[in-house]
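Geometric and topological summary
Residues per chain, in single letters:
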Amino acid sequence: MSATQIELERIERVFHLGDSEVHALRGLNLCINAGEYVAVMGPSGSGKSTLLNLLGLLDRPNTGVYRLEGRDVTTLSPDEQARVRSQRIGFVFQSFHLVPRLTAAENIALPMVLAGLPAAQRAERVTQALKDYGLEHRADHKPDELSGGQRQRVAIARATIMRPAMILADEPTGNLDRATGEEVIRLLEGLNASGVTLIMVTHDNALGARAKRQLLMQDGGVLADQLQTATPPAEAA
Amino acid sequence: MRALDLIRFAREAATGNPLRAGLLVLAMGIGVAAVVVLTALGDGARRYVMNEFSSLGSNLVIVLPGRSQTGGFSPGNAITNTTRDLTIADAQALLTASAVKRVAPLTIGTSEISAGGKLREVMVAGTVSQYAQVRQMAMAQGRFLADGDWGRGANEAVIGAKVRQDIFGTGPALGQLVRIGDRRFRIVGVLATAGQGLTLNTDELVLVPVSLAQAMFNTNTLFRIMIEAHDRSAIETAKKQVADILQTRHDGEQDVTVITQDAVLSTFDRLLGALTLGVAGIAAISLGVAGILVMNVMLVSVSQRTSEIGLLKALGATQAGIRMIFLTEAAMLSVTGALLGYLLGQTAAALIRLMYPTFPAYAPNWAVLAGLSTALVTGIVFGMLPARRAAALDPVQALSKR
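Residues numbered from 1 in each chain as written. Chains lettered and ligands numbered in written order. Predicted model: local features only at pLDDT ≥ 70, side-chain atom pairs only at ≥ 80, totals over all residues.

**A closer look at the overall build of chain A**
Let me state the cut-off plainly: Here a strand is any run of E in DSSP of at least two residues, a helix any run of H or I of at least four, and the numbering for each starts at the N terminus. Throughout, radius of gyration means the C-alpha value; the globule benchmark is 2.2 Å times the number of residues raised to the power 0.38. Any residue surrounded by 20 or more other C-beta atoms within 10 Å of its C-beta is treated as buried, while 12 or fewer makes it exposed and the intermediate range makes it partly exposed; C-beta atoms here are placed from the backbone. The contact criterion used here is simple: two residues whose C-beta atoms, placed from the backbone, lie within 7 Å are in contact.
Assigned secondary structure in chain A consists of seven helices and ten strands. Computed over the C-alpha atoms, the radius of gyration of chain A is 18 Å, within 12% of the 18 Å expected from 2.2 N^0.38 for a compact globule of 237 residues. Viewed in the frame of its principal axes, chain A has a C-alpha envelope of about 50 × 45 × 40 Å. The burial tally for chain A puts 47% of its 237 residues in the buried class. A separation threshold of at least 6 residues defines the contact pool for chain A, and within that pool the share at least 24 residues apart is 71%.

Right, dumping it as structure tokens:
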């Protein structure tokens, strides 16, 4: 469980906004082991989301090396990156990003459909996932017929359906009230407990404090990297 | 992504916006329907004309008085430009030609027919007994004109089905005496109904011996000479022999026109075939317009579904996968539209046939195939640009768009 899963080396990411250059990430070095629970925190514009996009292979660094499970993924072709996303990475978004015309079950099955898994296997996994996330009676409902908490549960079920090695969550509770947010976080922590790496971007200090490791970012670099040995729930840092 | 999943996904995406999908299907449908209906009309016209000319008779060579083609300057033209008329003697002389099987002179005029207090105007054709075979006419009752000397004829007449109906109603017609012009004729036969033709309508025709008709109209000329060649291969020989004989008889002057049925047929065939092709081309323009609509609608779809595309990328869809999703959707909408248009067009063609039973408005197979494949190809070609645009979207930006 302690093998190095993610290795970032001198990552630079520069955006061009008109004439000015914005250094979203500068000289970032980072190691994350398999099974870690990392909260990425920091003010707006500190590079949290850019980091998450890079980790999820949705974005490429201008310079630097990103090794995922020992393999340099920055030089992969877009289609090879797509395969890595499909097999190794699960995304959970703040605004859920469910396809509105598909039912809950179909949304959960979407990554498997894209990966071309056989229908029988898909049906089996979806049934299991619906049960695991308490969505059995919501399987045929469209996203607009679901509550916020249910939507995020569908999204988490979708993120885990391909049994990825890591979950990248971008403000997963940002659009939820406190109670449902708590419920969603417990689900994610449960996944982490079963061995999946959990990397979560959050504004919420209380939420961040529950993570075993806090990454405080500022101006495209890591300001503080705290390892917390104490188990949650903990007070705000 | 598996083909079945691809199709289902594209179908759900298409039906997710029924108005958009409906309009696209309609545009494609109208395009294909236009091709089917217009070519059905064009080809129907061609078939109609071909049928009409075929019903003239088989292996037919027709002689018309006067020269219709311009053949440049000839000494004959310089001396005189009044054409000699065709006469019964001319027609008789043609019987000597080896390739000629039957000859029937024809003179035409209008007169009145009356019997039992009823009177109507009719077209009177003066001819001989061979005319029935040359024109392949069927009798409903009685017999055709008797064989005999062309210069003399018995006072007998054969009438068309409509004339019989008008003059005798349901009563018997055979053996009755009628007055045509200032002469009395005995009805010896009634023609079978042949329907409306491009040429003479035989249902409203009265046939009498040619000599009596000439006397009635106070002329000694002929309107046509109808000639039947021995067989199909003899048509060209017969045409040449007929032209030679008449040139000799007319003091070496080519003052008649000899046409063959084949020549007329192939001319009309070419002419109306080109017409069909032309209307098909015009209809194809509407398919091109539909293709541009496909592109427009798919581009709107891509921009409306930007965040979905970003999501699909995050979930592991490849660029090729996303292209396929949008291409499948475009192709599926086009095919649906094409099939709808096909059904619409065939229904319209069937309606035309129902309303005008004599008009064979069938869309030719090549036009149907061309219409359907053009619809599919334009759908895919014009779907290409939007699909590529979707596949090339940056996932981060696409995801952040609401």
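Don't stop here, the text continues.
**Describing the overall build of chain B**
In terms of helices and strands, chain B carries 13 helices and ten strands. For a compact globule of 402 residues, the expected C-alpha radius of gyration is about 21 Å, and chain B comes in at 33 Å, more than 25% above that figure. Here the C-alpha coordinates of chain B stretch approximately 100 × 60 × 30 Å along the principal axes. Within chain B, residue pairs in contact and separated by at least 24 positions form 84% of the contacts whose partners lie at least 6 positions apart.

**Thoughts on the interface of chain A and chain B**
Counted only if it meets this: Polar here means any residue other than Ala, Val, Leu, Ile, Met, Phe, Trp, Tyr, Cys and Pro, which are nonpolar, and Asp, Glu, Lys and Arg, which are charged; Gly is therefore polar.
On the side of chain B, 21 residues touch chain A, which itself brings 21 residues to the contact. For the side of chain A that touches chain B, the secondary-structure elements that each account for two or more residues are helix H2 (78–88) and helix H3 (104–115) of chain A. Tallied by class, residues from the side of chain A that touches chain B come to eleven nonpolar, five polar and five charged.

**Looking at helix H6 (residues 178–193) of chain A**
Residues and elements named next belong to chain A. Definition in use: In this analysis, the expected span of each helix is defined as 1.5 Å times one less than the number of residues it contains. Note that the arc is computed from the directions linking the helix axis to the C-beta atoms.
Here H6 spans 22 Å end to end across 16 residues, near enough to the 22 Å set by a 1.5 Å rise per residue. Within H6, burial applies to Val-184, Ile-185, Leu-187, Leu-188, Leu-191 and Asn-192. Take H6 and look down its axis: the buried residues cluster within an arc of 155°, on one side only. The outward face of H6, more than 90 degrees from its buried face, is lined by the exposed residues Arg-178, Ala-179, Arg-186 and Ala-193. Looking at the buried side of H6, the elements it contacts are strand S3 (37–41), helix H5 (148–160), strand S7 (166–170), strand S8 (197–201) and helix H7 (205–209). Positive backbone phi, approximately 115°, marks Gly-195, located one or two places after H6.

**Quick word on the sheet that holds strand S1 (residues 4–17) of chain A**
All names here are of chain A. Quick reminder of the rule: Two strands are said to pair when DSSP picks up at least two bridges between them. Here an axis means a line fitted to C-alpha atoms, over the contact stretch when the element is a helix, while the angle between two N-to-C directions is reported on a 0 to 180 degree scale.
As summarised here, the arrangement of the four strands in space is S2-S1-S4-S5, forming an open sheet in which the pairing is antiparallel. Looking along the sheet, the strands with just one partner apiece sit at the ends: strand S2 (20–33) and strand S5 (71–72). Pairing analysis gives five bridges linking S1 to strand S4 (residues 63–68), with the strands arranged antiparallel. Bridge pairing in S4 places Glu-9 opposite Val-65. Each of S1, S2 and S4 is contacted by helix H1 (residues 48–55), which is oriented at about 125° to S1, the strand it contacts most.

**Side note on H1(A)**
Residue and element names in this part refer to chain A. Counting buried positions over the eight residues of H1 gives seven, a clear majority of the element. Of all the positions in H1, only Lys-48, Thr-50, Leu-51, Leu-52, Asn-53, Leu-54 and Leu-55 are classed as buried. Leu-57 sits one or two residues past H1 and shows a positive phi near 60°.

**Let's talk about the sheet that holds S7(A)**
Strand-to-strand pairing in sheets goes through backbone hydrogen bonds, with the strands running parallel or antiparallel. Residue and element names in this part refer to chain A. Taking strand neighbours across the sheet as the criterion, the six strands line up as S6-S7-S8-S3-S9-S10 in an open arrangement whose pairing is mixed. Strands at the two margins of the open sheet, each flanked by one partner only, are strand S6 (89–92) and strand S10 (221–227). Adjacent strand axes in the sheet meet at a mean angle of 15°, parallel and antiparallel pairs treated alike. Alignment of strand S9 (residues 213–218) against S10, held across six bridges, turns out to be antiparallel. Bridging from a neighbouring strand, Leu-215 pairs with Asp-225 of S10.

**Describing unusual backbone geometry**
Residue and element names in this part refer to chain A. For His-97, which is not glycine, the phi torsion reads 55° and is therefore positive. Mapping His-97 onto the fold places it in the loop between S6 and H3. At Glu-171, a position not held by glycine, the phi torsion is positive, near 45°. Within the secondary structure, Glu-171 is located in the loop between S7 and H6. You can call Glu-171 buried: it has 20 C-beta atoms within 10 Å.

**Side note on the domain arrangement of chain B**
For the record, the criterion: Note: domain ranges come from an automatic or database domain assignment.
Along its sequence, chain B is organised into domain 1 (3–53 + 266–400) and domain 2 (105–221). Between the C-alpha centres of domain 1 of chain B and domain 2 of chain B the distance comes to 57 Å.

**Regarding the nonpolar core**
Defined as follows: Residues of type Ala, Val, Leu, Ile, Met, Phe, Trp, Tyr and Cys that are buried and joined through C-beta atoms within 7 Å form what is called a nonpolar core.
Counting 129 residues, the largest nonpolar core has A:Val40, A:Ile167, B:Val32, B:Val35 and B:Val36 as its most contacted members. Setting aside chain neighbours within four positions, we find B:Val35 in contact with B:Ala280, B:Ala283, B:Ala284, B:Leu287, B:Ala367 and B:Gly371. Counting residues in hydrophobic clusters, the runner-up holds 56 residues, among them B:Ala104, B:Leu106, B:Ile227 and B:Ile235.

**Considering the packing of helix H9 (residues 261–304) of chain B against helix H12 (residues 365–392) of chain B**
If you want to describe how two helices pack, look at the angle between their axes and the distance between the axes. Residues and elements named next belong to chain B. Note the following rule: An angle counts as roughly parallel when it lies under 35 degrees, as roughly antiparallel when it exceeds 145, as roughly perpendicular when it falls between 65 and 115, and as oblique in every other case. Two helices that cross are described as forming a left-handed crossing if the nearer one is turned anticlockwise from the farther one by less than a right angle, and a right-handed crossing if clockwise.
Interaxial distance between H9 and H12 falls to 8 Å at its minimum, and their mutual angle equals 25°. On the basis of the axis angle, H9 is roughly parallel to H12. Note on packing geometry: the crossing formed by H9 with H12 is right-handed. Counted together, Ala-280, Ala-284, Leu-287, Gly-288, Ala-290, Gly-291, Ile-292, Val-294, Met-295, Met-298, Leu-299 and Val-302 of H9 and Ala-367, Thr-374, Ala-375, Thr-378, Gly-379, Val-381, Phe-382, Gly-383, Leu-385, Pro-386, Arg-389 and Ala-390 of H12 form the full contact between these two elements. Here the residues of the contact of H9 with H12 are counted per class, giving 17 nonpolar, six polar and one charged.

**Overview of the pairing of S6(A)**
Residue and element names in this part refer to chain A. Burial of S6 is two-sided: the residues Ile-89 and Phe-91 facing one way and the residues Gly-90 and Val-92 facing the other way are all buried. As judged from the four bridges shared by S6 and S7, these two strands associate in the parallel manner. If you follow Phe-91 over to S7, its bridge partner there is Leu-168.

**A closer look at the pairing of strand S8 (residues 205–209) of chain B**
Residue and element names in this part refer to chain B. Summarising burial for S8: five of the five residues are buried, a large majority. One ladder, built from five bridges, connects strand S3 (residues 118–127) with S8; its direction is parallel. Bridge pairing in S8 places Thr-127 opposite Pro-209. As defined by bridge partners, strand S5 (residues 156–159) adjoins S8 across two bridges and the pair is classed as antiparallel.

**Describing the environment of B:Leu265**
Residues and elements named next belong to chain B. The topology assignment puts Leu-265 in helix H9. The sequence separation of Leu-265 and Ala-391 amounts to 126 residues, and the corresponding C-alpha distance is 56 Å. Ignoring any residue separated from it by four or fewer positions in sequence, one finds Leu-265 in contact with Met-50 and Phe-53.

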